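Residue-level structure breakdown
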Amino acid sequence: MNYLRIQGPTKLSGTVTISGAKNAALPLITLTLLGHNPITMSNVPEVADIKTLLKLLSNLGASYTLENHVLKIDTSTVNNTMANYDIVKTMRASILVLGPLLARFGHCEVSLPGGCAIGQRPIDLHLKAMEAMGATITIHAGYVHAVAPKGLKGAHIIFDKITVTGTANVVMAAALAHGKSVLVNCAKEPEVVQLCEILRNSGIDITGIGTSELTIVGTGGKTIDMVDFEVIPDRIEAGTYMCAAAITDSIVTLERVRPDHLDAVTAKLEQMGCRVECSENTMTVYPATELKHVNIVTQEYPAFPTDMQAQFMALAIRAKGASTIDERLFENRFMHVSELQRLGANIKLSGHVATVIGPCELAGADVMATDLRASSALVLAAMAAEGTTNVHRIYHLDRGYENLEEKLRTLGAQIERLQE
Ligand code: EPZ
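Report on the accompanying structure.

Each value, and the rule that gives it
- Residues numbered from 1 in each chain as written.
- Predicted model: local features only at pLDDT ≥ 70, side-chain atom pairs only at ≥ 80, totals over all residues.
- Heavy atoms only, no water.
- Near = heavy atom within 4 Å.
- Polar contact = N/O pair within 3.5 Å; in protein donor to acceptor, adjacent residues only side chain to side chain.
- Areas by Shrake-Rupley, 256 points an atom, 1.4 Å probe, with all protein chains shown as cover.
- Helix = DSSP H or I, 4+ residues; strand = E, 2+ residues; numbered from the N terminus.
- Nonpolar A, V, L, I, M, F, W, Y, C, P; charged D, E, K, R; others polar.
- Pairing = 2+ DSSP bridges.
- Axes fitted to C-alpha atoms, helices over the stretch in contact; angles between N-to-C directions.
- Salt bridge = Lys/Arg side-chain N within 4 Å of Asp/Glu carboxyl O.
- Buried < 20%, exposed > 50% of the residue type's maximum accessible area, 1.4 Å probe, protein only.
- Right-handed = clockwise from strand over helix to strand, strands pointing away.
- Phe/Tyr/Trp six-rings, centres within 6.5 Å; stacked < 30°, edge-to-face > 60°.
- Lys NZ or Arg CZ within 6 Å of the ring centre and 35° of its normal.
- Contact = heavy atoms within 4.5 Å.

**Overview of the site of the ligand**
By nearness alone, 24 residues border the ligand, and Asp 124, Thr 163, Thr 165, Asp 307 and Leu 329 come closest of all. Within the side chain of Asn 23, a nitrogen or oxygen atom sits 2.9 Å from an oxygen atom of the ligand. Here Thr 165 contributes a side-chain N or O atom positioned 2.6 Å from an oxygen atom of the ligand. Isolated, the ligand exposes 830 Å² of accessible area, and the fraction of that covered by the protein chains is 90%. Contributing elements (two or more residues each) for the shell around the ligand: helix H1 (22-31), helix H5 (124-132), helix H6 (164-175) and helix H12 (372-384). Looking at the shell around the ligand residue by residue, the classes come out as eleven nonpolar, five polar and eight charged.

Set out below in structure tokens:
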């Protein structure tokens, strides 16, 4: 297995180009199952999760090429509706094929995704919504069996909790349903907004885009003439590099980024004493003279994103005073705490609230990545630590960060990928 060796402390400088958003590209790839024409998608991040999902679609019968961030995909040849365990178990967002397959073919068998390191990750809200649209759902031998022989029908659906991929799944199912659907308490993440915009631009009657209530008039089972498009920038990758600048007291510019998708992250950096200058698609982070402690509560968009929680915990280690981080979305998203403590962090846990006492001097050590965002937090801390840090199990990182070490090396970091 590979690991990253990082020498710290390090200063950074220069400009980093942000890749397309993994969490936008994933539902947009499954959306192509609703189209009857080949699609070209640009700014697609070439990360492990994207390659896993494309392998799944290929197993279903789709054909594609992915070169230089341009995906050309044709799902007109799809002839299999079983998303099998050996792929779904490696990437739970595979559940995003459920809505499109059910809507297009009237049936599908999707392996239950199972939990992951950060939590149990149920899909009950996805399934309840499909049943409300007339599907019969049974769970057998670890698979969701969904059938709707007469197609799905429009329904009035209220999500008990705000769910990002749940909203995406149901929006895609409703697009081909018979009649109108009204979806209440929807996720408003930019990734969901882009999915809705692509559907609208492809001729689907969808209103309320960007709000928590979406109204969709389905095509009654007819597939759609999808438009080509460019994937939005990855706001979490961008936030991670903003934290890299802040934690190393460096000035760093991000390009090909959407500042308006990062308001909550920018606000917290500025509360800590950093300054962020924005243009239409660039952001420059100026470090604090002395980082101030911060209080963070993770909530759904547009509030502070849970996917930036670990990165800010690393940053808070260097801030003066006691910072609190309240993780409200996932029940087990603090596995980076013990690894950060190995580097010397002073962090106390009480239920879903972590208190970080700083500033703390960090010393390099061997640490282990446990999930995608936790691993990026370890890289950030390593760049502020005195000495050598080895971050193991970086396959977690490769799921969602494209060319992380090349991008950091371009900024001046001393980081290399080695073989265990
Ligand atoms: C998406 O996961 C993201 N993944 C996650 O990013 C992100 O952390 C999460 O949204 C929250 O923003 C993708 O977009 C591929 P949820 P998702 O359904 O959709 C509960 C990363 O690092 N819930 O919005 O799976 C659930 O347990 C990943 O890129 C139910 O109870 O998250 C959680 O507490 C990690 N029943 C809350 O809702 C359901 O049926 C939010 O989960 C669905 C969700």
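Now that the structure has been shown, we can carry on.
**Brief notes about the sheet that holds strand E19 (residues 321-326)**
Sheet architecture is open: four strands sit in the order E18-E19-E21-E20, paired in mixed fashion. A single partner strand is all that each edge strand has here, and the edge strands are strand E18 (295-297) and strand E20 (346-350). Going from strand to strand, the sheet's axes swing by 15° on average, the running direction of each strand aside. Pairing of E18 with E19, which is carried by three bridges, proceeds in the parallel orientation. Counterpart to Val 297 in the pairing with E19 is Asp 326.

**Thoughts on the pattern of salt bridges**
For the structure on display, the rule yields 13 salt bridges. Put simply, Arg 318 and Asp 249 hold a salt bridge, and the shortest N to O gap is 3.5 Å. Taken together, the residues span a long stretch of sequence, with Arg 318 in the loop between helix H10 (309-316) and E19 and Asp 249 in the loop between helix H8 (235-247) and strand E15 (251-255) at a distance of 69 residues. Owing to a relative accessible area of 27%, Arg 318 belongs among the partly exposed residues under this scheme. Salt-bridge contacts for Glu 277 lead to Arg 275; the nearest nitrogen and oxygen are separated by 2.5 Å. On the accessibility criterion, Arg 275 (42% relative accessible area) is partly exposed. One network of salt bridges, in which partners are shared, links Lys 22, Asp 49 and Arg 399.

**Section: the pairing of strand E23 (residues 387-392)**
Across six bridges, the pairing between strand E1 (residues 2-8) and E23 is antiparallel. Within E23, the position partnered with Leu 4 by the bridge is Val 391. As judged from the three bridges shared by strand E22 (residues 366-368) and E23, these two strands associate in the parallel manner. Across the sheet, residue Val 367 finds its bridge partner in E23, namely Val 391. In this view, the connection linking E22 to its parallel neighbour E23 by way of H12 has right-handed handedness.

**Notes on the packing of aromatic side chains**
One pair of aromatic rings is described through two measures. These are the centre distance and the angle between the planes. One pass over the full model with this rule turns up one aromatic pair. When the ring of Phe 304 is compared with that of Phe 312, the centres are 5.0 Å apart and the planes differ by 90°; the resulting orientation is edge-to-face. Phe 304 sits in the buried class, given a relative accessible area of 4%. On the basis of relative accessible area, Phe 312 is assigned to the buried category, the value being 0%. The ring of Tyr 286 carries Arg 275 above its face, with NZ or CZ at 4.1 Å from the centroid.

**Quick word on the side chain of Ser 376**
Its place among the elements puts Ser 376 in helix H12. Among the residues examined, Ser 376 registers a relative accessible area of 1% and is labelled buried. What Ser 376 contacts, discounting residues up to four positions off in sequence, is Thr 240, Gln 311, Leu 397 and Tyr 401.

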